[in-house]
Amino acid sequence: MSDYSELPVLPMSIRFDHAAGTLSPAGPTLTRRMSDLEGLFLDQDAWLSALADGDPIVYSVVSSRVPEIDRELPQSITTIQPGVTGGEFWMTKGHQHPNHQGEIYLGISGSGGLLMFDGTSTNWVDMTPGTIGYIPPGWAHRSVNVGKEPYSFLAVYPGGAGHDYGWVLEHGLGQRVCTENDGVVFRDYFTGARP
């Protein structure tokens, strides 16, 4: 826990730098490249091509020093770069919380969305600066950059909720967020067909 606060966590202030998309004091930073998104894009040939074309950074997550443990309330800022692979907008891996709990996202900059799936229904929330997206307990979720600039958002979540990335690989998210004629369209997760 060297990048996190020592336990017990004492009252503190956390500085949010809107322009830089950082939190201070800083906790750990996670960087996800195209190679980290294996199996998530429907068009595997397009994914391999993007991988061969320099394995670009797709998104990064800057965390506060509040640890991801039960009863704590960590925060992080995720920034997704603009891009499209095989017609799909660049996105986070997406996950389900094994310990089903709610979460909120606050749009900071750029334009994106929050794709949620409860195993049966898919829901999309447009995210722009100042929008709060609420993720109810039990909904798997992923963020997507649908714009031409980096898309950033602040996440606040229960530290003991956990992250299950394999759930999305197995069950999908109901739909994929794609581009068509410079717009946003949704396609079936497993076939790529329009609903």
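Since the structure is predicted, the reported quantities are computational estimates derived from the model, not experimental observations. (Residues numbered from 1 in each chain as written. Predicted model: local features only at pLDDT ≥ 70, side-chain atom pairs only at ≥ 80, totals over all residues. Heavy atoms only, no water.)

A short note on empty space enclosed by the protein
It is a probe the size of a water molecule, rolled over the atoms, that shows where empty space is left. So the rule is basically this: A pocket, in this scheme, is an open set of points on a 1 Å grid over the protein atoms alone with protein on both sides within 12 Å along at least 5 of 7 lines, while a cavity is a set where a 1.4 Å probe fits but cannot get out; residues line either one if an atom lies within 4 Å of a point. Grid points are joined across faces, edges and corners, and a volume is the space filled by probe spheres set on the points. Numbered from the N terminus, helices here are DSSP runs of H or I no shorter than four residues, and strands are runs of E no shorter than two. Under the grouping applied here, Gly and all other residues not named as nonpolar or charged are polar, the nonpolar ones being Ala, Val, Leu, Ile, Met, Phe, Trp, Tyr, Cys and Pro and the charged ones Asp, Glu, Lys and Arg.
Taken as a whole, this structure holds 2 cavities of 30 Å³ or more when the rule is applied. Estimates place the volume of the largest cavity at around 40 Å³. Forming the boundary of the largest cavity are Glu88, Phe89, Met91, Leu115, Arg142, Val144, Gln175, Arg176, Val177 and Tyr189. Counting residues per element, the lining of the largest cavity draws most heavily on strand E14 (residues 175-180), which supplies 3 residues. For the lining of the largest cavity, the class distribution of residues is 6 nonpolar, 1 polar and 3 charged. Approximately 30 Å³ is the volume attributed to the second largest cavity. Lining the second largest cavity, in full, are Gln96, His97, His100, Gln101, Ile135, Pro136, Pro137, Gly138, Trp139 and His141. Across the lining of the second largest cavity, the residue classes tally to 4 nonpolar, 6 polar and no charged.

Brief notes about the pairing of strand E10 (residues 122-127)
As a reminder of what qualifies: Each pair of strands is called paired provided DSSP finds at least two bridges between the two strands.
Summarising the sheet, strand E9 (residues 112-117) and E10 pair through 6 bridges and their orientation is antiparallel. When the bridges of E10 are listed, Met116 appears paired with Asn123. Where E9 folds back on E10, the antiparallel hairpin that results is connected by 4 residues, among which Gly119 adopts a positive phi of roughly 100°.

Quick word on the sheet that holds strand E12 (residues 140-145)
Applied cut-off: Note on definitions: angles span 0 to 180 degrees between N-to-C directions of axes, and those axes are lines fitted to C-alpha atoms, for helices only across the stretch in contact.
Ordered in space as E10-E9-E12, the 3 strands form an open sheet in which the pairing is antiparallel. Each end of this open sheet is capped by a strand with a single partner; those strands are E10 and E12. Across this sheet, the average inter-strand angle for adjacent strands is 20°, counted without regard to direction. The pairing of E9 with E12 spans 6 bridges and is antiparallel. Paired with Leu114 across the strands is Ser143, a residue of E12.

Digging into the side chain of His97
Let me state the cut-off plainly: Residue contacts are defined here by distance: any two heavy atoms, one from each residue, within 4.5 Å place the two residues in contact.
Its place among the elements puts His97 in the loop between strand E7 (88-89) and strand E8 (103-109). When near neighbours in sequence (up to four residues on either side) are disregarded, His97 contacts Glu103, His141, Ala161, Gly162 and His163.

A few points about a nonpolar patch on the surface
Our working rule: The residues that make up patches have over 30% relative accessible area and no salt bridge, and they are joined within 9 Å when like-charged or within 5 Å when they are Val, Leu, Ile, Met, Phe, Trp or Tyr. For accessible areas, the Shrake-Rupley method is used with a probe of radius 1.4 Å. Any residue's cover is judged against the shown protein chains and nothing else. Just to be clear on terms, a salt bridge is a Lys or Arg side-chain nitrogen sitting within 4 Å of an Asp or Glu carboxyl oxygen.
A surface patch of nonpolar side chains, amounting to about 370 Å² of accessible area, comprises Ile104, Leu106, Ile132 and Tyr134. Secondary-structure elements contributing two or more residues to the nonpolar patch are E8 and strand E11 (132-135). Tracing the chain through its elements places Tyr134 in strand E11.

Remarks on the packing of aromatic side chains
Rules: The rule is short: rings of Phe, Tyr and Trp, with Trp giving its six-membered ring, pair when the centres are within 6.5 Å, and they are stacked under 30 degrees, edge-to-face over 60, tilted in between. Buried, partly exposed and exposed residues are distinguished by accessible area as a fraction of the type maximum, computed with a 1.4 Å probe on protein chains only: under 20%, between the cut-offs, and over 50%, respectively.
Under the defined criterion, the tally for this structure stands at 5 aromatic pairs. Aromatic pair Tyr105 and Phe153: ring centres 4.6 Å apart, planes at 25°, arrangement stacked. Residue Tyr105 is found in strand E8, and its partner Phe153 is found in strand E13 (residues 151-156); the two are separated by 48 residues along the sequence. Of the two residues, Tyr105 and Phe153, neither departs from the other in class, the shared state being buried.

Concerning the environment of Gly130
With respect to the secondary-structure elements, Gly130 resides in the loop between E10 and E11. On a C-alpha basis, the gap between Gly130 and Ser109 in space is 8.5 Å, while along the polypeptide they are 21 residues apart. Contact partners of Gly130, with chain neighbours within four places excluded, come to Leu106 and Gly107.

A short note on the nonpolar core
Here is the rule we go by: Only buried residues count toward a nonpolar core. Its members are Ala, Val, Leu, Ile, Met, Phe, Trp, Tyr and Cys residues joined through side-chain atoms within 4.5 Å.
Counting 32 residues, the largest nonpolar core has Met34, Leu37, Phe41, Tyr105 and Leu173 as the members making the most contacts within it. Contributing elements (two or more residues each) for this core: helix H1 (44-52), strand E4 (57-64), E9, E12, E13 and helix H2 (166-171). For this core, the leading source of residues is E9, giving 4 residues. Apart from residues lying up to four places away in sequence, Phe41 is in contact with Met34, Trp47, Thr85, Glu88, Phe89, Trp90, Met91 and Arg176.

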